[in-house]
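Remarks on the overall topology
Listed below, chain by chain, are the residues.
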Amino acid sequence: MKLNIDYQEKFQARHIAPNEADTAQMLKATGVTSLDELISQTIPEKIRLKAPLNLPPAKSEFDYLAALRQTASKNKVFKSFIGQGYYDVIVPGVIQRNILENPGWYTQYTPYQAEIAQGRLQALLNFQTMVVDLTGMEIANASLLDEGTAAAEAMFMQYSTRKNAAANIFFVSEEVFPQTIDILKTRAQPYGIELLIGNHQTVELTDNMFGAIVQYPAGNGAVYNYKDFATKGHEKGIKLTVVADIMSLVLLTPPGEWGADIVVGCTQRFGVPMGFGGPHAAFFATKEEYKRSIPGRIIGVTIDSAGNYALRMALQTREQHIRRDKATSNICTAQALLAIMAGMYAVYHGPKGVKLIAERIHGLTILLAESLKQLGYGQLNEAYFDTLKFDLGSLAGPVHAEAINNEMNFNFKGSVVTISIDETTSPEDIKTIVRFFARVKGKTLNDVSFDELKGNLTTVIPADLQRTSAYLTHALFNSHHSEHEMLRYIKSLEAKDLSLCHSMIALGSCTMKLNATTEMIPVTWAEFSKMHPFAPTDQVGGYMEIFDELNNWLSEITGFAAMSLQPNAGAQGEYAGLMVIRAYHNDRGDSHRNIALIPSSAHGTNPASAAMAGMKIVVVRCDDNGNIDVADLKAKAEQYKNELSCLMVTYPSTHGVFEESIIEICEIIHANGGQVYMDGANMNAQVGLTSPANIGADVCHLNLHKTFCIPHGGGGPGMGPIGVAKHLVPYLPGHAVVDIDKGKSIHAVSSAPWGSASILIISHAYIAMMGGDGLTNATRYAILNANYIKTRLEHHYPVLYTGTNGRCAHEMILDCRAFKNFGIEVTDIAKRLMDYGFHAPTVSFPVAGTVMVEPTESEPKHELDRFCDAMIAIRHEIDNVEKGLLDKTDNPLKNAPHTAAVITANEWEHPYSRQKAAFPLPYVSAYKFWPSVGRVNDTYGDRTLICSCPPLTDYEFEESEVTTPEYGT
Ligand SMILES: *Cc1c(COP(=O)(O)O)cnc(C)c1O
C-alpha cells in the first residue's frame, strides 16, 4: 500500500457543511448544473470581482493555534495597576468554562423568542437586579456597549427629556475618565450640545444647563460627596448622571441615595476579563419615571399562557424598527453574554462574597498608602476606594523603571502616577511595590512597619459615604455558593434555551454562523484576556500583529483602503461611518450637507444612527419588487443636491436581492455630492464575489458577529468595524489615551481604542483558516443553501422578491400574510416552529407579516431538509385550519408552543392529539426540545412593568389574553 503524507485537514471542509453528494443533489433540485451557474444567475455580472481574494493560504486549525501561540507570546502579561476603568479579575472557573467558553450560552441569539430563551432572560434579569441594588436606583437595562457610550446615552437621555428646550450645556467633571469625555465630545457635536468641562466644586450652575456628569470614585481615585452638587443642580432643573465603579458601590453609599438621576458604568470587574478593552457589559440605571426613554433592552416579568411566571424583553424591544429616527438610541446588539457573566459573579459570590472582595481591595489599597506614607510619599486622595494618586516629582522616572522591572504597569502622566488595586492583587504584590518605592529612596522594607499596618486597617471612606443599605438580598444571590449548586444553576438555565447546539437558527439579516471551537479557544488565553487596553505599546506586539493582519484582510475583502476596528456593534459602525462622512464634508467646507437618504426597507438602526449623527432623514421608496425606486432616489438626490450628505444602503438589500441598479444608484449619489454608506449586515452574500468598494460605496461596517463568526452571545457581544475609501481614512476615529490618530480623526466612538479587542481574534482565526478560496466558497454555499430552501418552500409559501433570474441571495422572505384571512398570524408560525425544535427565522423584518430565512453555509442538507419539513408540515396545519379540519382558535398553531407540563397534564381537552402537539414529525421524537413556558404575554408585562427579580411568593398570576408582537433581528 502506497502512503500519502500530503494530507492536511482543511478547516473549510468543517465550516462549510454540504458534502459533494449533498451539493450535487441540491444543485439538481435548484435546477442548475454547477455552483458557478447558480452564482452567475444570482449576482449581476457587472458587480462581480475580477480577481480572487488576495489573502494568505489557509491554515489548518492545528497550525493556526500553533502560529497564534507565537503571536500571543509577543503580548507581555504584566500585573496591571493602571485602573482607568479596566481591572484584572478572577473569573470563577465555573463561570468561565460553563458560560464564556460554552456554546450552549455563546451561540444563543437575542431572546426575541422568549419561550425558548427563559434561561438567558432570567440571567439578564439577575443582572438588572444586581445593578439596581448596587446603584440604589429603580430600574436598569440589560447592558450597553461600554462605559463611555453608556455615559453618552445618559447625556442624550437627559438632553431629550430636558424641560427647558433652550438649555444646551452639559457639565462634565474634569475627573471623568478621558476616554469617556472623548465619547461625550463625539456625541455632543451633532446635537449642538456644548460641553462645559470643569471642576464640580467650583462650577457655577446656570439655567442653560440641562445636565451634568460626575464620576464616583473620580478618575484619579478620589471619592467625593456629590450630595450638595446634586441638590444644587436639581434646584436649577439640572439632572445628574453619575459614572460609578460597580465594585466600589459595595462599600460606598450608592448614588441613588444621594440624588443621582442616572447611574452608568461598567461591570467588567465582576468577573469579566480585561481582554485589551472588551467585550464588557456597561450598565444604565435610572428612575422609574424615565423607563420609556431608557436606551437598549430591558427584561421584564410577565406571565405565559398558563398564567405562570415568564420573562421577555419589554417596551423598547423593537424600538428602532418602530420609531426609526425618533428612537431613543441606536443600540441593537449589546453585551448580553458579559452581562450574564457579571450577574453570575454576583450569584456565585453573593452579598457576603462581594463584600469580602471589595473590602480586601480597599484594605490592600490602604495598606499600600500607609506603607508608602511611612517612606515619605504623600498620597493625594483624601478619601479613596482602590486608587492612590502621587506626584512623584523627580522620582517618577526611577519608580517607573522599578515597576517595569517588576513586570507591573502603573498609570503615569508625567510625574503624577495613579495605582489601582484589584481583586487579583495580593499582600505580596503590595510588599513588592513598597520594597521598590523604598529602594528608590535608598530605604528598605525594614523602614516600614508593614505587618503592624496590615493588622490595623480601617477604612478611609468618610462615615457619610459608607454604605449602610443592603444589596443582593434576593434569594437568588444567596443560594448558589458551592460549585455544584452554581454549576447546576447555570446548567438549569442553559437547558431552557435553544441555541446553535440544538438546531439551525435561520435568522435573515442576523447570519447565525458557525462559531468554530478553534476560533473561540484563544479568547481566554492569558496573553489576550489579561491585557489592559492602555498597556505600554511595547507590551502589546501580539495584538498589534493581529490588528494589522485583520485590517489588511478586511480591507482586501471590502476593497477599501483601511478599517477602524473601534465600533462595538453594527449600529456603532453606522454611527462611526456617518460621523466620518460628516467630518469629511465639514473639512471641505460643506458643513451644510446633512441629508441622509434611506430606503424604506432599511433596518431601524440606520435612521436611528443617522439621527444621532445629526442628519435629516429623507426616505426613498422601494418598488413592487422590493428594489430601490431609482427614479425616486434620483429625484430626491437632485432635489437635495446642495444638502445631500449620504445614502445609507444595505447590499444585497434587506429583501435578500442583489439589486442590478446598485452601481447606478451610487453614481447618482456621487454626482449630487453625497457619499455612499453601505450597511454590511449582508456581507455573507458578498465575500469573494463582489465587494462594497466594487459596487461604489465609500464606507461600510461589517458585523463581525454575523459574517465573521463572532458568536451572538444571546444579544452580544459583537463588533462593527468600518472600512473606508482612501479619501475618508484621515477621519477614522481616534482615542484620548492611546494614539491612533489618522491626521484628522474624529473623537472616539468606543471607550477602548480597538473596541472589544479580544473577540477580534475570532474573526482573525476564521479568515486565516478559510483563506481567500474558503471564504469565497462560504459565500457560494450560503447562496446555494438559501436557494435550496427557496426551491423546497416556494410552493408552500410565496417568496417575496427575487432577482431577475428568480434567485434569492443568501436569504429569502416567506410571505405569511394571506393566512391572516383564516386567523393565522406569523407569530403562530414562529411559536409552532418551537414544537418542531426550531427557532423562528426573522419575524416581520423587513416586511410585517413575513419571515426571513437565512441558513448560512454551515448547515448540512439534512438540517435544511428538517427545517423545510417542519415548515411544510406547518403549512399543512394551516391548510387544515382553512379547510375547517382544525378548529379556528383551538389548534396546534394558536396554542403553540406546547410545554411538557401541558402535554403531560392529566387533562387534555384540545381537539387534536397530544402527539400532534408535541411530536408532529418523526424526527422530533428522536430529539425533542421542550419550551420551558407557554406563549408569553407581552401586554400583561408592559402594563405592570417589573424589571428586577420578584420574590416568587409575591406572584399570583391571573389568566390573560395573549397578544404578542413578534420580531426577529
Ligand atoms: C443586525 C443589523 C444591524 C444592526 O447591527 P448590530 O450589530 O446589531 O448593531 C443593522 N442593519 C442590518 C441590516 C442588520 O441586519
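This one's a predicted model, so the numbers in the text were calculated from it and none came from an experiment.

Let us look at the overall build of the protein. When helices and strands are counted, the protein shows 31 helices and 25 strands. Its C-alpha atoms give the protein a radius of gyration of 28 Å, within 12% of the compact-globule value 30 Å for 969 residues. With the principal axes as the frame, the protein shows a C-alpha extent of 90 × 80 × 70 Å. Summed over all atoms, the accessible surface of the protein reaches about 33,100 Å², with 49% contributed by carbon and sulfur. Put simply, the protein has 81 plus and 104 minus side-chain charges, and the middle of one group is 1 Å from the middle of the other.

The next point concerns the pattern of salt bridges. The full count for this structure, using the stated rule, is 39 salt bridges. Close ionic contact of Glu402 with Arg439 constitutes a salt bridge, the shortest N to O distance being 3.0 Å. Within this pair, whereas Glu402 is found in helix H13 (residues 396-405), its partner Arg439 is found in helix H14 (residues 427-440), the two being separated by 37 residues in sequence. What makes Glu402 buried here is its relative accessible area of 16%.

Between its first and last C-alpha atoms helix H9 (residues 178-191) spans 21 Å; for 14 residues at 1.5 Å apiece the expected length is 20 Å, and the two agree. Taken across its 14 residues, H9 has 10 buried, putting it largely inside the fold. Close packing links the buried residues of H9 with helix H8 (147-160), strand S3 (169-173), strand S4 (194-198), strand S5 (209-216), helix H20 (570-587) and helix H21 (605-612). At the C-terminal side of H9, Gly192 shows a positive phi close to 70°.

Annotation of the protein at the domain level lists domain 1 (131-300 + 322-335 + 342-346), domain 2 (351-465), domain 3 (554-771) and domain 4 (780-924). Taking only C-alpha atoms into account, the centre of domain 1 sits 28 Å from that of domain 3. Of the residues lining the interface, 31 residues belong to domain 1; the matching set on domain 3 comes to 41 residues. When the two sides are added together, the surface that domain 1 and domain 3 hide from each other amounts to roughly 2,900 Å², 59% of it contributed by carbon and sulfur. If you sort the residues of domain 1 by the area they bury against domain 3, Thr186, Arg324 and Asn330 come out on top, with a joint share of 23%. If you look at where domain 1 meets domain 3, you find 0 salt bridges. Across the domain 1-domain 3 interface, the total number found is 14 residue pairs in polar contact (both at pLDDT 80 or more). Mapped by element, the contributors of at least two residues to the side of domain 1 that touches domain 3 are H8 and H9.

Looking at the ligand, there are 14 residues lining it, with Thr333, Ser509, Gly570, Asp679 and Lys706 nearest. For the ligand, an oxygen atom lies 2.8 Å from a polar atom in the backbone of Ala571. For the ligand, an oxygen atom lies 2.7 Å from a polar atom in the side chain of His705. If the ligand stood free it would expose 380 Å²; the protein chains cover 99% of that surface. Looking at which element gives the most residues to the shell around the ligand, the answer is H20, with 3 residues. Of the residues that constitute the shell around the ligand, the class distribution is 4 nonpolar, 7 polar and 3 charged.

Let's shift gears to the side chain of Asp304. Residue placement: Asp304 occurs in the loop between strand S9 (298-303) and strand S10 (309-314). This buried residue, Asp304, is left without a salt bridge; Arg935 holds the nearest opposite charge, at 10 Å. Within the local environment of Asp304, its side chain forms a polar contact with the backbone nitrogen of Ala306, the two atoms lying 2.9 Å apart. Setting aside its immediate chain neighbours within four residues, Asp304 contacts Ala310, Val933, Gly934, Arg935, Val936 and Asn937.

By secondary structure assignment, the location of Thr856 is in the loop between strand S25 (850-853) and helix H27 (861-883). Separated by 682 residues in the primary sequence, Thr856 and Glu174 place their C-alpha atoms 48 Å from one another. If we ignore the near neighbours within four places in the chain, the residues touching Thr856 are Thr511, Met512, Lys513, Ala782 and Asn785. Of note is the side chain of Thr856, whose polar atom sits 3.2 Å from the backbone nitrogen of Ser858.

Let's shift gears to the packing of aromatic side chains. Each aromatic ring pair is summarised here by two numbers: the centre-to-centre distance and the angle between the ring planes. Taken as a whole, this structure holds 35 aromatic pairs when the rule is applied. Seen in terms of ring centroids, Tyr109 and Tyr112 are 6.0 Å apart; in terms of plane orientation they differ by 40°. Their pairing is tilted. Of the two residues examined, Tyr109 and Tyr112, each falls in the buried class. For the pair Phe919 and Trp930, a centre-to-centre distance of 5.8 Å together with 90° between the ring planes defines the contact as edge-to-face. With Phe919 in the loop between helix H29 (914-918) and helix H30 (922-926) and Trp930 in the loop between H30 and helix H31 (938-943), this residue pair connects regions lying 11 residues apart in the sequence. On the basis of relative accessibility, which here comes to 27%, the residue Phe919 falls in the partly exposed class. Taking the relative accessible area as the measure of exposure, Trp930 reaches 30% and is therefore partly exposed.

Let us now look at the sheet that holds strand S24 (residues 842-843). Taken in spatial order, the 4 strands line up as S22-S23-S25-S24 in an open sheet, and their pairing is antiparallel. Two strands in the sheet have a free side with no partner beyond their single neighbour: strand S22 (799-800) and S24. As judged from the 4 bridges shared by strand S23 (residues 812-815) and S25, these two strands associate in the antiparallel manner. Looking across to S25, one finds that Met812 is bridged to Val853.

A few words on the packing of helix H5 (residues 93-100) against helix H12 (residues 336-374). Running from N to C, H5 and H12 point in directions that differ by 150°, and their axes come no closer than 10 Å. The pairing of H5 with H12 is recorded here as roughly antiparallel in orientation. Relative to H12, the crossing made by H5 is right-handed. Counted together, Val94, Ile95, Ile99 and Leu100 of H5 and Leu337, Ile340, Met341, Met344, Tyr345 and Tyr348 of H12 form the full contact between these two elements. Here the residues of the contact of H5 with H12 are counted per class, giving 10 nonpolar, no polar and no charged.

Regarding H5, the residues found buried are Val94, Ile95, Asn98, Ile99 and Leu100. Projected down its long axis, H5 shows its buried positions confined to an angular sector of 160°, all on one face. Those residues of H5 that are exposed and angled more than 90 degrees off the buried face are Gly93 and Arg97. Its buried side turned inward, H5 meets helix H6 (103-106), H12 and helix H16 (483-494).

Attention now moves to the sheet that holds strand S14 (residues 416-420). One open sheet accounts for 3 strands, arranged S11-S14-S13; its pairing is antiparallel. Every other strand in the sheet has two partners, leaving strand S11 (387-391) and strand S13 (411-413) as the edge strands with one partner each. On average, each strand axis in the sheet is tilted by 15° relative to the strand beside it, whichever way the strands run.

This part is about the environment of Met612. For Met612, the position within the fold is in helix H21. Overall, Met612 belongs to the buried group, its relative accessible area being 3%. Counting along the chain gives 425 residues from Met612 to Arg187, while the straight-line C-alpha distance between them is 7.5 Å. Setting aside its immediate chain neighbours within four residues, Met612 contacts Arg187, Pro190, Tyr191, Asn330 and Tyr575.

About the cut-offs
- Residues numbered from 1 in each chain as written.
- Predicted model: local features only at pLDDT ≥ 70, side-chain atom pairs only at ≥ 80, totals over all residues.
- Heavy atoms only, no water.
- Helix = DSSP H or I, 4+ residues; strand = E, 2+ residues; numbered from the N terminus.
- Rg over C-alpha atoms; globule rule 2.2 N^0.38 Å.
- Areas by Shrake-Rupley, 256 points an atom, 1.4 Å probe, with all protein chains shown as cover.
- Lys, Arg positive; Asp, Glu negative; His and termini not counted.
- Charge placed at Lys NZ, Arg CZ, Asp CG, Glu CD.
- Salt bridge = Lys/Arg side-chain N within 4 Å of Asp/Glu carboxyl O.
- Buried < 20%, exposed > 50% of the residue type's maximum accessible area, 1.4 Å probe, protein only.
- Expected span 1.5 Å × (residues − 1).
- Contact = heavy atoms within 4.5 Å.
- Domains from an automatic or database assignment.
- Buried area = accessible area lost by both parts, 1.4 Å probe.
- Polar contact = N/O pair within 3.5 Å; in protein donor to acceptor, adjacent residues only side chain to side chain.
- Near = heavy atom within 4 Å.
- Nonpolar A, V, L, I, M, F, W, Y, C, P; charged D, E, K, R; others polar.
- Phe/Tyr/Trp six-rings, centres within 6.5 Å; stacked < 30°, edge-to-face > 60°.
- Pairing = 2+ DSSP bridges.
- Axes fitted to C-alpha atoms, helices over the stretch in contact; angles between N-to-C directions.
- Parallel < 35°, antiparallel > 145°, perpendicular 65-115°, else oblique.
- Left-handed = near helix turned anticlockwise from the far one by under 90°.
- Arc of directions from axis to C-beta.

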